[in-house]
Amino acid sequence: MQYNVTVIGSGPGGYVAAIRCAQLGFKTALIEKYDTLGGTCLNVGCIPSKALLDSSEHFHNAAHTFKEHGIDISEPKANIAQMIKRKAGVVKSNVDGIAYLMKKNKIEVLTGVGSFVDKNTIKITSKEGKESQITTEKVIIATGSKPTPLPFAPFDKKRIISSTEALELKEIPKHLIVIGGGVIGMELGSVYARIGSKVTVVEFLDNLIPTMDGTMGKELTKVAKKLGMELYLGHKVTSVEVKGKEVLLKAEPKAGGNAVDLKGDYCLVSIGRRPYTDGLGLEKIGIDLDKGKIPVDDHLKTKVDNIYAIGDVVRGAMLAHKAEEEGVLVAEQLAGQKPHINYLLIPGVVYTWPEVASVGYTEEQLKEQGRAYKTGSFPYKALGRARASMDLDGLVKVLADKATDEILGIHIIGARAADMIAAGVTAMEFRASAEDIARISHAHPTYMEAVKEACLAATANRPIHM
Ligand code: FAD
Ligand code: NAI
């Protein structure tokens, strides 16, 4: 069978690339080894984690804020089986949606592991071991990533678990130990802390979510502590051992001092993800990995001129929307267009409550660059909207160029930050100054007023409501 473009992997990078290729008139095939489409994001990532975050947030509100709002109910009980069942339904409707989109766009879906025979021939091996081959002019590799294990404590998937198992637990952990206070650790840690688990986070660095602006991690630390999480920042895990139904963990403070011994019933290891290329047969086409990633140029082309790679398997942030943009970019390039991605303006979001959302440079990066900048911040607690909803935690921080006032970064921790950051991305795409945003009318009362106020603070140190 001859295709113009074959995409390997059906995550947000792969399926979006396939749709855009089909829209542009290419005869397109999509190879996926699992029976459901959508990759990590839809099956065991973005979507199921958000489903559980939402359920657990409802539970938390019922238990802790309804009374204050004047809603009297008897003490709520968390039903994990129902939460997981609802999550499975959400996943199913999303993955079915992708199957529908493939049909609608006349994309041929081939189920099985795709591996290169040569640069134009791909072998597909089904679960049952049946092999078939297709030929193709171009290939887009979108094989994604997998959780990174601790070298001395591999996943047993029962007690030492990754995010995949944490999305499927049959019981609420009594004590969930989380190794890694990054995005997964804080999102899934929040889920279980809200529904009654004791959650202890051990993070190697001195701040939570350390890739984001430092202020965000500091604020998230306060929020996590309020939720009852125990945090060991700046700690190095030295051993993890499973004994029956218990996990025993030892961690040492990096700065020296007494080691910590923890005993839990589950240990979530969330120390990052690694690109996934197993079984792809890259050796057949002469592609060598660089620190596990497929090396690509600025056009996402590998060293083989008809083969491209996108998403988690290449350099850059491991985010669904980054993978999607790359899928569109490659498809449009193949059609002779000249698309562009501004990687600085790929937003990052942590879906805790309050949410954390960020775009552009962090203050730490500006310091490192030696760039002259000014900052403006505005706390949620000074917002009428936040008082009305009782979502008082958080702040908006705006970084702007000292001389030109151009916005260089927007960092928000607070209610609905995930949706608000789109306005920040838009402003930065149009290279707005802090004053531009400060002079735009923002509806009252909204959380977005905090962005306007932070811009007023950054541009001329004259917020109105503070
Ligand atoms: P993937 O989604 O990993 O898809 C790759 C696909 O390729 C898989 O289906 C795999 O089975 C298939 N495959 C691999 N090898 C082969 C082969 N040889 N043959 C055939 N098929 C193959 N990102 C966000 O932006 N927002 C979020 O809220 C978010 N939440 C997350 C929560 C969790 C718990 C996790 C784990 C991740 C989350 N992410 C989130 C990250 C996001 O899931 C990834 O960045 C995204 O899925 C990457 O897309 P991709 O297309 O590169 O790869
Ligand atoms: P991460 O990179 O966000 O966080 C890993 C954390 O573990 C870091 O803080 C790191 O310092 C720490 N760490 C590393 N080794 C350690 C060790 N030995 N002991 C203690 N701490 C250690 O990775 P995470 O949370 O596993 O998520 C993987 C990726 O998935 C993320 O980078 C992100 O790209 C994606 N993701 C995105 C989400 C979103 O957009 N909301 C949600 C979940 C995942």
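Residues numbered from 1 in each chain as written. Chains lettered and ligands numbered in written order. Predicted model: local features only at pLDDT ≥ 70, side-chain atom pairs only at ≥ 80, totals over all residues. Heavy atoms only, no water.

### What about the site of ligand 2?
Phase 1: Within the structure, ligand 2 sits among 21 residues, and Glu187, Glu203, Gly272, Met318 and Val349 are positioned closest to it.
Phase 2: One of the backbone nitrogen or oxygen atoms of Val183 is found 3.2 Å away from an oxygen atom of ligand 2.
Phase 3: Counting residues per element, the shell around ligand 2 draws most heavily on helix H6 (residues 183–194), at three residues.
Phase 4: The residue inventory of the shell around ligand 2, partitioned by class, reads 13 nonpolar, four polar and four charged. (Near = heavy atom within 4 Å. Polar contact = N/O pair within 3.5 Å; in protein donor to acceptor, adjacent residues only side chain to side chain. Helix = DSSP H or I, 4+ residues; strand = E, 2+ residues; numbered from the N terminus. Nonpolar A, V, L, I, M, F, W, Y, C, P; charged D, E, K, R; others polar.)

### Notes on the site of ligand 1
Phase 1: In the vicinity of ligand 1 lie 39 residues, with Glu32, Thr40, Lys50, Gly114 and Ala320 positioned nearest.
Phase 2: Within the contact set of ligand 1, a nitrogen atom lies 3.5 Å away from a backbone nitrogen or oxygen of Cys46.
Phase 3: When the free accessible area of ligand 1 is taken as 1000 Å², the share hidden by the protein chains comes to 95%.
Phase 4: No other element matches the four residues that helix H2 (residues 39–44) contributes to the shell around ligand 1.
Phase 5: The residue makeup of the shell around ligand 1, split by class, is 17 nonpolar, 17 polar and five charged. (Areas by Shrake-Rupley, 256 points an atom, 1.4 Å probe, with all protein chains shown as cover.)

### What to know about the pattern of salt bridges
Phase 1: Scanning the entire structure with this criterion turns up 21 salt bridges.
Phase 2: Lys123 is the salt-bridge partner of Glu131, the closest N and O atoms lying 3.9 Å from each other.
Phase 3: For Lys123, a relative accessible area of 23% translates into the label partly exposed.
Phase 4: Asp405 is the salt-bridge partner of Lys374, the closest N and O atoms lying 3.0 Å from each other. Of this pair, Lys374 sits in strand E20 (residues 373–379) while Asp405 sits in the loop between strand E21 (395–401) and strand E22 (407–414), placing them 31 residues apart in sequence. (Salt bridge = Lys/Arg side-chain N within 4 Å of Asp/Glu carboxyl O. Buried < 20%, exposed > 50% of the residue type's maximum accessible area, 1.4 Å probe, protein only.)

### Here we look at H6
Phase 1: The first and last C-alpha atoms of H6 sit 17 Å apart over twelve residues, in line with the 16 Å expected at 1.5 Å per residue.
Phase 2: In terms of residue burial, H6 counts as a mostly covered element, since ten of its twelve residues are buried.
Phase 3: Looking at H6, one finds that the buried residues are Gly185, Met186, Glu187, Leu188, Gly189, Ser190, Val191, Tyr192, Ala193 and Arg194.
Phase 4: Phi for Gly196, located one or two positions after H6, is positive at around 115 degrees. (Expected span 1.5 Å × (residues − 1).)

### Points about the domain arrangement of the protein chain
Interface size is commonly expressed as the accessible area that is lost once the parts come together.
Phase 1: Domain parsing of the protein chain yields domain 1 (2–147 + 274–343), domain 2 (160–271) and domain 3 (354–460).
Phase 2: With centres defined by C-alpha atoms, the gap from domain 1 to domain 3 works out at 31 Å.
Phase 3: Listed by partner, the interface residues are four residues for domain 1 and four residues for domain 3.
Phase 4: Of the roughly 270 Å² buried at the junction of domain 1 and domain 3 (both faces included), carbon and sulfur atoms supply 65%.
Phase 5: Taken as a group, Glu68, His69 and Asn342 account for 87% of the area that domain 1 buries against domain 3, more than any other trio of residues on that side.
Phase 6: At the boundary of domain 1 with domain 3, the tally comes to zero salt bridges.
Phase 7: Our count for the domain 1 to domain 3 interface comes out at zero residue pairs in polar contact (both at pLDDT 80 or more). (Domains from an automatic or database assignment. Contact = heavy atoms within 4.5 Å. Buried area = accessible area lost by both parts, 1.4 Å probe.)

### Things to note about the nonpolar core
Phase 1: One finds Phe116, Ile140 and Ile141 to be the most contacted residues of the largest nonpolar core, which totals 52 residues.
Phase 2: For this core, the element with the most residues is helix H1 (residues 12–23), which contributes seven residues.
Phase 3: Here Phe116 is in contact with Ile8, Thr121, Ile122, Val139, Ile141, Leu280, Gly281, Leu282, Lys284, Ile285 and Ile307, once residues within four sequence places are set aside.
Phase 4: Judged by nonpolar contacts, the second largest core, of 35 residues, contains Leu345, Tyr380, Val398 and Ile407. (Core = buried A, V, L, I, M, F, W, Y, C linked by side-chain atoms within 4.5 Å.)

### Quick look at the environment of Val260
Phase 1: When you line up the elements, Val260 lands in strand E14 (residues 260–264).
Phase 2: For Val260, the residues in contact, after removing those within four places along its chain, are Tyr232, His235, Leu249, Lys250 and Ala251.

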